[in-house]
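# Observations on the three-dimensional arrangement
One letter stands for each residue in the lines below.
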Amino acid sequence: MSLKVPKPNNIQLFKDGYKHLQGLEDAVLRNIQAVAELSDLVRTSFGPNGRNKLVINHLGRLFVTSDAATIIREVEVVHPAAKLLVMASQAQESEMGDATNMVIIFAGELLKKAEHLLVMGLHASEVIQGYELARAKALSELESLSTSSLPSPFTLSTLAEALKPAIASKQYGFEDMLSKFVAEAALAVMPSNPKNFNVDNVRVVKIMGSSLSASRVVQGMVFGREPEGELKRVTKAKVAVFTCPIDITQTETKGTVLIKNADEMLNFTRDEEKHLEKIFREIADSGVKVIVAGSSVGELAMHFLNRLNIAVLKVLSKFDLRRLCRVVNATPLARIGAPTPEEAGFVDVFETTEIGGDRVTVLRQLVPGEPGYDNKSEKTKTATIVLRGATANRLDDLERAVDDGVNVIKALLKDPRLVPGAGATELELAKRVDTYGSGLRGLAQHAVKRYATALEVIPRTLAENALGGAEGNEVLSRLWAKHEQKGGEAWGVDVEAEQDGTLLATEHEILDSLAAKSWALKLATEAAVSVLSVDSIIMSKPAGGPKVPQQAGNWDEDD
């Protein structure tokens, strides 16, 4: 018989101020609760009938949006387990640009279902094993659910049809118009090898006033300001891009000049003027007809540039300056002086036009079919979608929908396969994973079945947000009945409830990208498994001193 030695209670493992939570109650269930709260927050914003959230961030900026990626970026989540979900959603945003909300909702639902199993006495490792098995099954079944793929070569109508569901989830009612704009802009910049499509070549310029119907696609780069000088239109022009102020340079050290008479005073300023004129004459002699300034332009410099017939455009956003350099193939210079032939860029048309009541500047290269088009060199093409709207928040939300649309095109170029949308794919996967779980032996089968019921959350949320909670349950049971029939894989939720709240997704052209769905399932399961595999939380005391200001992802408003 062994002797039990009593343990001392006052062993201090960590420094003062540390928090140490462990065990099922304190760590695992508390984490699940935090994640469930986050998923409930964005759940009501899911789908075409999702509600908007009004978010005011730490800088006092106002956002009215139903875009999950924006909501969670601007709401500073501090709970460590909820942060794992935020990271998974951000990974989906950077990889696919769509289905970010699905990641959070699905991961939250997986953890809610796991909570019941853990309380019943299953070990976390068994739940994790079941979820891993179910994910592998769901991904293999997803491959077989592809009904069609994006036809090649792309046309305006086929691209617009593929974009509609993604844009409708952000701007329901305007999806036809917006998807046409995005498809038109994407086709204008599509390189000969579509795999090299760059999302950066489709820009958005927001001009307040009028309504969305007044928006249009402009070939080239559009800047919402007029050129600084008198020259408003130039064709076939050499371009120099400067990041420094175009003005008389200030000396590094302070000096005192004694002036004894009026002649010395005149000569003093004349020398400065002559020096500046010499610089600009050199720039003009090198053949430059357009100068793009990344900073201020002095009055005297403007005078000389007007005399030398050089157009000047001020672009204050460094992101736009970088894009412009790519379009005109120029090197940004940090000093004033004549650019070398390699540093200078070239633009076919530099012109000022009027959109609505605003004067804007357009820089563009000629496209095939235009007089004077030269096909010897591959030029970077850029298209700008000029969005019109009554308020700044409305324009921001339209821009987010356009960004999503452009990212969907990028995803479809990598993998053109499409699966039925409207929650049909998720429900069919739930049915197949549930059948697979019934045939398994061991405790993991319970987790596999819970994974199947968690997949139901997508069509359920779509139905609840569109038709209300009670009707949502009715629609879901009708969908189950239709999916049980042979060939019922494509039945999804009809958010307009024209008949019984269900529709054939393939018939109504409601199709989603297979790759986006596949990534969402992978990332959501990974996030849920990461949270479940935690059994204790150790938090150190936050360091003292002022907090370092965190910059949000897209802090530059002009971009």
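Model, not experiment: these values are computed from the prediction.

## Section: helix H13 (residues 444-455)
Spanning twelve residues, H13 covers 17 Å between terminal C-alpha atoms, matching the ideal 16 Å at 1.5 Å per step. Among all positions of H13, only Ala444, Ala447, Val448, Tyr451, Ala452, Ala454 and Leu455 are buried. Down the axis of H13, the buried side of the element spans an arc of 160°, and every buried residue falls inside it.

## Describing the sheet that holds strand S15 (residues 417-420)
Pairing is antiparallel across the open sheet formed by three strands, whose spatial order is S4-S15-S18. A strand with exactly one partner marks an edge of an open sheet, and here the two such strands are strand S4 (148-149) and strand S18 (511-513). The pairing of S15 with S18 spans three bridges and is antiparallel. In the sheet register, valine 419 faces S18, and the bridge partner there is aspartate 512.

## Details of unusual backbone geometry
Leaving glycine out, the prevailing phi sign among residues is negative, and the prevailing peptide bond configuration is trans. Residue lysine 236 is not a glycine yet carries a positive backbone phi of 45°. Accessibility expressed as a relative area gives 38% for lysine 236, which makes it partly exposed. One non-glycine residue with positive phi stands out, namely asparagine 309, at about 60°. For asparagine 309, the position within the fold is in the loop between helix H9 (299-307) and strand S10 (311-314).

## Describing the packing of helix H7 (residues 175-189) against helix H11 (residues 392-414)
How two helices pack is summed up by the angle between their axes together with the distance between the axes. Interhelical geometry of H7 versus H11 gives an angle of 50° and a closest axis separation of 10 Å. One way to sum up the angle between H7 and H11 is to call them oblique. Viewed along their axes, H7 and H11 form a crossing whose handedness is right-handed. Where H7 abuts H11, its residues Leu178, Val182 and Ala186 lie against Leu398, Ala401, Val402, Gly405, Val406 and Ile409. Looking at the contact of H7 with H11, its residues break down into eight nonpolar, one polar and no charged.

Definitions and cut-offs
- The written sequence of each chain sets the order in which its residues are numbered from 1.
- This being a predicted model, a pLDDT of at least 70 is required before a residue's local features are given, and a value of 80 or more before pairs of side-chain atoms are given or counted; all residues contribute to the totals for chains, interfaces and linings.
- The side-chain values count all of the structure's non-hydrogen atoms but skip hydrogen atoms and water molecules.
- Only DSSP runs of H or I with at least four residues qualify as helices, and only runs of E with at least two residues qualify as strands; both kinds are numbered from the N terminus onward.
- The span you would expect from a helix comes to 1.5 Å times its residue count less one.
- Throughout this description, buried means an accessible area under 20% of the type-specific maximum (1.4 Å probe, protein chains only), exposed means over 50%, and partly exposed covers the range between.
- When we speak of the arc, we mean the arc of directions from the helix axis to the C-beta atoms.
- For two strands to be treated as a pair, DSSP must find at least two bridges joining them.
- Here an angle of 0 to 180 degrees is reported between the N-to-C directions of two axes, which are lines fitted to C-alpha atoms, with helices fitted over the stretch in contact.
- Just so you know how the angles are binned, under 35 degrees is roughly parallel, over 145 roughly antiparallel, 65 to 115 roughly perpendicular, and the rest oblique.
- By definition, any crossing whose near helix is turned counterclockwise from its far helix by less than a right angle is left-handed, and any crossing with a clockwise turn is right-handed.
- It only takes one pair of heavy atoms within 4.5 Å for two residues to be counted as in contact.
- The nonpolar class holds Ala, Val, Leu, Ile, Met, Phe, Trp, Tyr, Cys and Pro. Asp, Glu, Lys and Arg form the charged class, and all remaining residues, Gly among them, are polar.

Keep in mind that these numbers describe shape and distance, not what the molecule does.
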